[in-house]
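# Structural characterization, general
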Amino acid sequence: MPLQNDYFSVYHNLKLTRDDKGVLVAEFHSNGGPCVMTAQSHTEFVEAFYRISQDRANKIVILTGAGGFITDVDWSSFGDVADPGVWSQVHDEGAQALENIANIRVPVIAAIEGRAHVHSDYALLASVIVAAEGATFQDVAHFGAGVAPGDGIFTTWSYRAGAGRAEAFLLNPQPLKARTAYEWGVVAEVVPNGKALSRARELAGLYLKAPEVTRRNTRIHFIQPLKERIVREVGYGLSLEGASSAALVKSMQAKSEPVARKGKSA
């Protein structure tokens, strides 16, 4: 029996709508605009993806965003990431969110407009990515900010684009154009701006022509190698990221101490 869709309206940063054919659109947003990742959204995405994966009334899932995909991070909302208790929650949620997307057992399409600059790994867990001409991919949340990219961003990009490209992309995080991502084999189609979601809906209609068990089993088959890598690598990667986050906090505190001492002496 399909689950009730009572979970559709409970998330602050994920708008869920489903049509009469079972095509679920999950739209990342912050107050209706481009999504900024916060501690709250980080937590709620874990449950949201789990509920989506368990609901057999969802026949196709489209991941998209309002005016972008996920565009930035509110670092302050996470608190003291050097605190082991704080990072334990970040660690667990980071692994669980990716595993829950990978456990969505129907075709997943990502429709990207604008900036996919945070957690583009969510999009790379889709079966197919459709990107608008002006869309860009980047990783603003890790190496450029002083943190090791261990939360699945390397796992997904190296799986889709190759390890060499992924390492260069993450070590020198600059906006990657949709056309380049297409040439790398990450993006399946590049469409005019404003057309990514409509094209994703067209593809959903095409996929719906196949029998349901065929659709489900094809997604399960295609995602399995990447799912194995996520389970094998992401927990370890998040531990490395946590240690680097603690080191970053320590270095920032050390830089601020001389200023504080100078203020006291004055």
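Residues numbered from 1 in each chain as written. Predicted model: local features only at pLDDT ≥ 70, side-chain atom pairs only at ≥ 80, totals over all residues. Heavy atoms only, no water.

### Quick word on the overall build of the protein chain
- In terms of regular secondary structure, the protein chain is built from eight helices and eleven strands.
- What you see for the protein chain is a C-alpha radius of gyration of 19 Å, in line with the 18 Å of a compact globule of 266 residues.
- With respect to the principal axes defined by its C-alpha atoms, the protein chain has extents near 75 × 40 × 35 Å.
- Relative to its 266 residues, the protein chain shows a buried fraction of 48%.
- In the protein chain, 74% of the contacts between residues at least 6 apart in sequence involve partners at least 24 apart.
- Accessible surface for the protein chain amounts to roughly 12,500 Å². Of this, 55% is attributable to carbon and sulfur atoms.
- Taking the average location of the 27 positive side-chain charges in the protein chain and that of its 28 negative ones, the two points are 4 Å from each other. (Helix = DSSP H or I, 4+ residues; strand = E, 2+ residues; numbered from the N terminus. Rg over C-alpha atoms; globule rule 2.2 N^0.38 Å. Buried < 20%, exposed > 50% of the residue type's maximum accessible area, 1.4 Å probe, protein only. Contact = heavy atoms within 4.5 Å. Areas by Shrake-Rupley, 256 points an atom, 1.4 Å probe, with all protein chains shown as cover. Lys, Arg positive; Asp, Glu negative; His and termini not counted. Charge placed at Lys NZ, Arg CZ, Asp CG, Glu CD.)

### Quick notes on the pairing of strand E6 (residues 108–112)
- The element E6 is extensively covered by neighbouring structure, given that five of its five residues are classed as buried.
- Every second residue of E6 is oriented toward a common face, with Val108, Ala110 and Ile112 on one face and Ile109 and Ala111 on the other, all of them buried.
- In this sheet, E6 lies alongside strand E4 (residues 60–65) in parallel orientation, the contact comprising three bridges. By the bridge assignment, Ile62 is partnered in E6 with Ile109. (Pairing = 2+ DSSP bridges.)

### Details of the packing of helix H4 (residues 153–161) against helix H5 (residues 163–171)
- Where H4 meets H5, the closest approach of the two axes is 7 Å, and the angle between their N-to-C directions is 135°. Regarding the angle of H4 to H5, the classification is oblique. Both H4 and H5 take part in a crossing whose hand is right-handed. Two secondary-structure elements touch here, H4 through Ile153, Phe154, Trp157, Ser158 and Ala161 and H5 through Ala163, Arg165, Ala166, Glu167, Phe169 and Leu170.
- Considering only residue class, the contact of H4 with H5 consists of eight nonpolar, one polar and two charged. (Axes fitted to C-alpha atoms, helices over the stretch in contact; angles between N-to-C directions. Parallel < 35°, antiparallel > 145°, perpendicular 65-115°, else oblique. Left-handed = near helix turned anticlockwise from the far one by under 90°. Nonpolar A, V, L, I, M, F, W, Y, C, P; charged D, E, K, R; others polar.)

### Looking at the environment of Gly94
- Among the secondary structure elements, Gly94 is positioned in helix H2 (residues 84–102).
- Take Gly94: its relative accessible area is 9%, and that puts it in the buried class.
- Between the alpha carbons of Gly94 and Val46 there is a distance of 8.1 Å; along the sequence they are 48 residues apart.
- Apart from residues no more than four positions distant in its own chain, Gly94 is found in contact with His42 and Leu238.

### Regarding helix H7 (residues 196–207)
- Taking 1.5 Å of rise per residue, the twelve residues of H7 would be expected to cover 16 Å, and the 16 Å separating its terminal C-alpha atoms lies within 8% of that figure.
- Every buried residue belonging to H7 is among Ala196, Ala200, Leu203 and Ala204, and all of these are buried. Mapping the buried residues of H7 onto a view down its axis gives an arc of 105°, with all of them on the same face.
- Buried residues along H7 sit against strand E2 (23–28), E4, E6, strand E8 (128–132) and strand E11 (189–191). (Expected span 1.5 Å × (residues − 1). Arc of directions from axis to C-beta.)

### Overview of the sheet that holds strand E7 (residues 115–116)
- Taking strand neighbours across the sheet as the criterion, the three strands line up as E7-E9-E10 in an open arrangement whose pairing is mixed. Two strands in the sheet have a free side with no partner beyond their single neighbour: E7 and strand E10 (176–177).
- Across two bridges, E7 lies against strand E9 (residues 136–137) in parallel orientation. Looking across to E9, one finds that Ala116 is bridged to Phe137.

Remember, this is a structural readout, not a statement about activity or role.
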